[in-house]
Amino acid sequence: MNPLRPWGLALAFAPLLAQTPHASLEEEDKAFQSLKMLLNTPVITAARREQAVKEAHSTLRVFTASDLRVLGATTLAEALKLVAGLDVYFEYDQMKTSVGTRGLKGDLVSKRMLFLLDGRPMNLPVNGDFDFDMRLPLNFVKQVEIIRGPGSSLYGANAFLGIVNIRTQSPKNDGFFYDGAVGMRAGSFGERALDFSLAHRFSDDAAFAFWGTSSQADEYGILRKWYGSTLPATTADISEGYRLGDVRTNWSFKHLTFTGGVTSSGVDHNNKGQYTRDSAVATSQTREDALRSRFADLAYQRDFGKAWDLGLHAYFNVYVNDRLYSRGDITGSTPRNLLGKETLWGLQAQAQWKPKETFRLLFGGDYAVKASDNNQRTYLQNARTREAAIFVEAGWKPLPWLDAVAGGRYDRHSEFAGQFSPRASFIASFLREGRARISYATAFRAPTFTELFLTASKGLPLRPETIRTLEASLSYVFGGVKVSATAFDNRVKEQITYVTTALCYGNQADEVHSRGLEVEAEAVLAGRWRPFLAATLQNTGSDVPGDKYANQLVAAPRRKLAGGLMFRTVDWEAALTGAWIDHQRDGYFDPAFGNVSPTYLTLAGRIAWMPQPGWSFALTVKNMLDRRYYDKGHDPRFTDPADYRARNNEYPGRSFVGEVRWNW
C-alpha cells in the first residue's frame, strides 16, 4: 500500500479549511534571533518547569522548529549527530538507530537514554528502546531539548545517560505561523514523503491542531548503488526499506490540553542494505518488522497566583510489534509471526511553591504501570511492573551572583527495592557574561522486561544499574558569540550484562567509566548568519577487559567534531553541516576484527528559496563526500556470511532530496 494514499482526501479538503493568508506571527522568523534571545529561550526539561536556557543547571542543547527546518533534518537522528557528546550509530542486530552519550553506549538499543514526548515517557518496556528507528516525524515539533548527564533526580528510571524531550507545538500557548501547511519531498533511493498540518484558534482559551505524515524509502535503490549487477536474484522483489505513517491532534481549552495520535512504521529486512540483518546469500533470513502505536494524554496546568502552580498529567501508550520471520537456511522452516504488545500508562503530578524570587520548591510524584504480552516468547507473556516515585527539588539564590539547586527522588519498583537519586548544583556568575557551574548527580536504569523475565533470569536478584556523574563547566559571552566548556566524569556500577554461561542477565560488579571534555560555540551575526561548533574529547574504560558483553557499554569515538553554518534572509535559507568522527570503538571486542573503525567525515547541505510568502522550495544533499563509511569499519561486499561486523553500516552514499512547501 502506498503510504501517501491516506492523505489524499485530507489534502483535497485542506484549502477549504484555510483562513485568509497572513504573515508570520513573529517577525524574527525571517531572521535569526539574537544570541541574547537564544539564551533566553524557554525550556522545561532541565528543571521540570519553565526556565531560560541560560538558567539551566544541566548541559543542554536545544533545536527549535526553525533550526530543524533550516538544517534540513528529516529525522531526529540527523539532528542528534550534531550534538557534542552524542554518538549516533546504526545497530545491525536491532535494525535501529541508537544513541550513546559521553563515551557510554546505549547497548543494542537506546535504553540508557530517556526519551520524552511532551513529558510522556516513550521508551518501550520490553527492551527500553524508543520508537522505531527514531523515525519520528518532525513537522509537528516545537523544539527538541537534549540533556547530557543523569536526570533521575527528577525523571526517575532510564534518565541514565541523558534525556531527549520532544516538545510539540501548541496552537493555544505558542501560536502558529500559519493556519495550515502542506509539504512534499522526494529524493534518492526512492525517498518520498508528504506531510500536512491544520490549526485554528477559536479564542484565547480554545484551539486545535492536526498533523499528518507519510514517508517511505526504496531499499532496492540503495542495494543497486552498492552492489550493482552482483545482487542475487532473490532481492528482485525488494520494494521498500522503511515506511512511516503518523497522524496526531492537539486540543486545548483553558487549562486543559489533550493530545492523541496513531503511528505505523515498518522496515523490510531482506538480504542486504542499510536496513538488513543477514548476509548476501540467497538462503539468508528475511523478515518484516512493523510497529503500530497509539497514544493519548491529558494535561492540566494552572497558576494559582504568583506563589503556586500545579501540573497534572495522565498518559496511555500502546505499542504492537508485528514481525514476519523466516529463515531459508533452515531445512523445512516455515514463516512464523511474532506478535508483541506493550502498554505503558501513568500519572504525574507536581507543584511549585515560590514564596519569593530567591527561593522556590518543586515537588510531586509519578506512578506508572508497564505491561507486555507476546505470542511466541513465554517469558514476555503477561509480564507487568509497577513504579511509584516522589521527588523534591529546592532552588535558592542566597547572593545575586550565586544560584543553587538540591534535591532528590525516591523510586519504588515492583521488582526490586527502592532507589534514591540525589542531585546538587551551583552556578556562579562572574564578569557579567560569565558563568561557572559545578554539579553532582546520580541516576539509575531499571532492568527491561527482557532482562527481568528471561526464563533463566527470572527470580534472580537483578538490581538496577547506577551512575555517578561530576560536571564542571565554564561559559562566556563575547558580544554575539557564546563559548562553553564542560568537563565530566562518569562512574557506572552494577552494569547489567548477559551471562552466556548461565543464559541469563546479571549485574556486573566491576566499574565502567568515561571522562572527557566538551567544547561548544555558537553565534548570531548580523541576524543572518548562525555558526555553531561542538567538539568532544573523551576516554572510556572498564575493569573487565576482554569481556565483550561487559564492554558493550564502552563504545564511542575518542574524538568528535561537529558543526555547521546557517544562513537566513527573507527569501533564502541555507545550511552546511558536518561531523568528523575519530576512531569509533566497537563494544563487541573480537581479536579477529579489532575494535576500532576508521576515521570518517560527513557533510550535508541545504538551500531553500521562498519566492513569495507561504511558498518555499528546497534542495538537500546528504553525505556530500559519497564516502560510505561503516560503524564496524568493513566493506559490505563481503563473502563470509559469518562476518557480522560488515553489516553494521551508516550511510548508503550521496543522496539528494527536493522539497516544496506551501503555508497558508
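Note that this is a predicted model, so its numbers are computed, not measured. (Residues numbered from 1 in each chain as written. Predicted model: local features only at pLDDT ≥ 70, side-chain atom pairs only at ≥ 80, totals over all residues. Heavy atoms only, no water.)

**Comments concerning the overall build of the protein**
Here's step 1: Of the regular secondary structure elements, the protein holds seven helices and 34 strands.
Here's step 2: The 664 residues of the protein split such that 57% are buried. (Helix = DSSP H or I, 4+ residues; strand = E, 2+ residues; numbered from the N terminus. Buried < 20%, exposed > 50% of the residue type's maximum accessible area, 1.4 Å probe, protein only.)

**Observations concerning the environment of A77**
Here's step 1: Mapped onto the elements of the fold, A77 is located in helix α4 (residues 76–80).
Here's step 2: Sequence separation between A77 and V99 is 22 residues, and the spatial gap between their C-alpha atoms is 8.4 Å.
Here's step 3: The contacts of A77, once residues within four sequence positions are left out, are V88 and T97. (Contact = heavy atoms within 4.5 Å.)

**Re the pattern of salt bridges**
Here's step 1: According to the stated counting rule, one finds 33 salt bridges in the structure shown.
Here's step 2: For R148, the salt bridge is made with E518, and the minimal N-O distance between the two is 3.0 Å. With R148 in strand β8 (residues 141–148) and E518 in strand β27 (residues 512–523), the pair connects residues that are 370 residues apart, well separated along the chain. The same class applies to R148 as to E518, namely buried.
Here's step 3: The shortest N-O distance in the salt bridge between R661 and D195 comes to 2.9 Å. With R661 in strand β34 (residues 655–663) and D195 in strand β11 (residues 192–201), the pair connects residues that are 466 residues apart, well separated along the chain. (Salt bridge = Lys/Arg side-chain N within 4 Å of Asp/Glu carboxyl O.)

**Section: the pairing of β8**
Here's step 1: Of all eight residues that make up β8, seven are buried, and the element is covered over most of its length.
Here's step 2: Pairing of strand β3 (residues 59–64) with β8 involves six bridges; the strand directions are antiparallel. When the bridges of β8 are listed, F63 appears paired with V144.
Here's step 3: Summarising the sheet, β8 and strand β9 (residues 162–168) pair through seven bridges and their orientation is antiparallel. Paired with I147 across the bridge in β9 is I163. (Pairing = 2+ DSSP bridges.)

**As for the confidence of the model for the protein**
Here's step 1: This prediction gives the protein a mean pLDDT of 78; 72% of its residues lie at or above 70.
Here's step 2: Across the protein, element-level confidence peaks in strand β20 (residues 402–413) with a mean pLDDT of 96 and bottoms out in helix α1 (residues 8–17) with 39.
Here's step 3: Here residues 1–30 is modelled with pLDDT under 50, and outside its nearest four sequence neighbours on either side it reaches 52 contacts, counting other chains as well.
Here's step 4: Scored below 50 in pLDDT, residues 586–596 shows 26 contacts in the model against residues more than four places distant or in partner chains. (pLDDT = per-residue confidence, 0-100.)

**Some points on the environment of V126**
Here's step 1: Inspection of the secondary structure assignment puts V126 in the loop between β7 (120–121) and β8.
Here's step 2: Given a relative accessible area of 13%, V126 falls into the buried group.
Here's step 3: The spacing of V126 and A383 is 257 residues in sequence and 9.1 Å in space, taken between C-alpha atoms.
Here's step 4: When sequence neighbours within four positions are dropped, the list of residues in contact with V126 reads E342, S372, L380, T448, F449 and T450.

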